[in-house]
Amino acid sequence: MARCRLLLFLAALSSIFGLLHASAGDADPIYRACVDQCEKTGCVGDKCSQRCNFTSVGSPIDGPWYLQEPLYLRWKQWDCLSDCRYHCMLSREDERKKVGLKPVKYHGKWPFQRVNGIQEPVSVALSALNLAVQFHGWVSFFILVNYKLPFGPDRKPYYEYTGLWHIYAIFSMNSWFWSAVFHSRDVDWTEKLDYSSAVALLGFSLILAVLRVFNVRDEASRVMVSAPIVAFVTTHILYLNCYQLDYGKLMLLDHIAGLNMKVCLAMGMLQLSLWAVWAGVTHHPSRWKLWVVVIGGGLVSLLEIYEFPPYMGFVDAHALWHATTIPLTYLWWSFVRDDSEFRTTTLIKKAK
């Protein structure tokens, strides 16, 4: 009898902790009842999910094998439970709106409207635009240093940071690609790839900031500067992929309280501070562009901290952050091109 009481107590305690770590929306008993009912019937009101007729691997429950769900749809892992959660979320939000209540999060995310199976269509589109701007900036830089600026006696560009900016472009495009994939469908593997690629980009950006601001040109010195940052970033990426992420938990003040967000903000603010100090002391002809990027980057970072529900179910603070990075990225690559011309001209004058 005592063992039964102990088991009941532990079960109740685990349920309490589960509710504490849930978002306000998915802790709502009306929402939970809706999801339970939908899993049994496949319908929420007059909206029914065809995926409730398939197993978790995409095979039809009743029907021949050739009626399986296509692979290009299965990778997003939409299933009966996810569809039920989505339709119950929309239904519950409509009810809350009628009585004057504000939107709440469900399973750590705001209530977004899907478009053709895409979870956050505006963020996906803006991530794709950022990827395009990064590609344009990198190609224009590549053409400038390889076809327009003179080469040194060793048949290499005078600009000492050419290779580093090429690597930076690869990290940037990789990060925005996985950002688009993640916002298309938030599942475990897309989340980890998005976070890992973002951390890798911020880590390399910090290395690049240190090397350029302090004008580190010796290879041995570059390795010494980069090694501790690479070690830290690698350790953090392993943490993200091997341990449970605490991103978006209600008890941890959503984004800012998670360790990953703290690390990203710390690396971002550190490199912005380095560029800001350098812009204040250098006589670089394009330092005003650097000032705009630094100040703009600092201001738009607030959108990652002070978020708000998506307007009309589509545009939230994170989507606006994606939008503001587009002109900043264009200006940033303009500064990089100017820097390559400035350094090349300076080194040619010194050689004479």
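About the thresholds
Residues numbered from 1 in each chain as written. Predicted model: local features only at pLDDT ≥ 70, side-chain atom pairs only at ≥ 80, totals over all residues. Heavy atoms only, no water. UniProt positions renumbered as here; feature names shortened; annotations may be inferred. Helix = DSSP H or I, 4+ residues; strand = E, 2+ residues; numbered from the N terminus. Disulfide = S-S within 2.5 Å. Buried < 20%, exposed > 50% of the residue type's maximum accessible area, 1.4 Å probe, protein only. Patch = residues over 30% accessible without salt bridge, like charges linked within 9 Å, V, L, I, M, F, W, Y side chains within 5 Å. Areas by Shrake-Rupley, 256 points an atom, 1.4 Å probe, with all protein chains shown as cover. Salt bridge = Lys/Arg side-chain N within 4 Å of Asp/Glu carboxyl O. Phe/Tyr/Trp six-rings, centres within 6.5 Å; stacked < 30°, edge-to-face > 60°. Lys NZ or Arg CZ within 6 Å of the ring centre and 35° of its normal. Core = buried A, V, L, I, M, F, W, Y, C linked by side-chain atoms within 4.5 Å. Contact = heavy atoms within 4.5 Å.

Per an unreviewed UniProt entry, the protein carries the name Post-GPI attachment to proteins factor 3 and comes from Anisodus tanguticus. Quoted verbatim from the Sequence similarities (unreviewed entry) heading of the UniProt record, the comment on the protein is "Belongs to the PGAP3 family."

## Description of the UniProt feature "transmembrane region" (unreviewed entry) in the protein
UniProt's entry tags residues 124–145, 165–183, 195–214, 221–239, 259–281, 288–306 and 318–336 with the feature "transmembrane region" (unreviewed entry), counted in the numbering of this structure. Taken end to end, residues 124–145 comprises 100% helix and 0% strand; its first and last C-alpha atoms sit 32 Å apart. Strand forms 0% of residues 195–214 and helix 95%; the C-alpha atoms that close the span are 29 Å apart.

## Points about the state of the cysteines
Applying the stated criterion to the full structure yields three disulfides. Paired through a disulfide, Cys38 and Cys84 show a sulfur-sulfur distance of 2.1 Å. The sign of the S-S torsion, about -75 degrees, decides the handedness of the disulfide formed by Cys38 and Cys84: left-handed. Residue Cys38 is located in helix α2 (residues 29–41), and its partner Cys84 is located in helix α4 (residues 80–98); the two are separated by 46 residues in the primary sequence. Owing to a relative accessible area of 1%, Cys38 belongs among the buried residues under this scheme. Here Cys43 pairs with Cys48 through a disulfide, and the sulfurs are 1.9 Å apart. Looking down the S-S bond of the Cys43 and Cys48 bridge, the torsion is 100 degrees, so its handedness is right-handed. Using a relative accessible area of 23% as the deciding quantity, one classes Cys43 as partly exposed.

## Some remarks on a nonpolar patch on the surface
A surface patch of nonpolar side chains, about 540 Å² in accessible area, is lined by Trp291, Ile295, Leu299, Leu302 and Tyr306. If you tally residues by element for the nonpolar patch, the top one is helix α11 (residues 287–300), at three residues. Turning to its location among the elements, Trp291 is positioned in helix α11. Accessibility expressed as a relative area gives 33% for Trp291, which makes it partly exposed.

## Side note on the packing of aromatic side chains
Enumeration according to the criterion identifies 21 aromatic pairs in this entry. An aromatic cluster is defined as three or more aromatic residues linked by ring pairs; in this entry it consists of Phe141, Tyr159, Tyr161, Trp165, Tyr168, Trp275, Trp278, Trp332, Trp333 and Phe335. Its end group placed over the ring of Tyr86, Arg114 keeps NZ or CZ at 4.1 Å from the ring centre.

## Observations concerning the nonpolar core
Where a protein is soluble and globular, its nonpolar side chains tend to be buried together. Ranked by size, the top nonpolar core spans 46 residues in total, and within it Trp165, Tyr168, Trp275, Leu290 and Trp332 carry the most contacts. Contributing elements (two or more residues each) for this core: α5 (121–148), α6 (162–184), α7 (188–213), α8 (219–242), α10 (259–281), α11 and α13 (317–351). Sorting elements by how many residues they give to this core places α7 first, with 12 residues. Setting aside its immediate chain neighbours within four residues, Leu290 contacts Trp275, Trp278, Ala279, Trp332 and Phe335. Grouped together as the second largest cluster of nonpolar side chains are 13 residues, Val44, Tyr86, Cys88 and Leu90 included.

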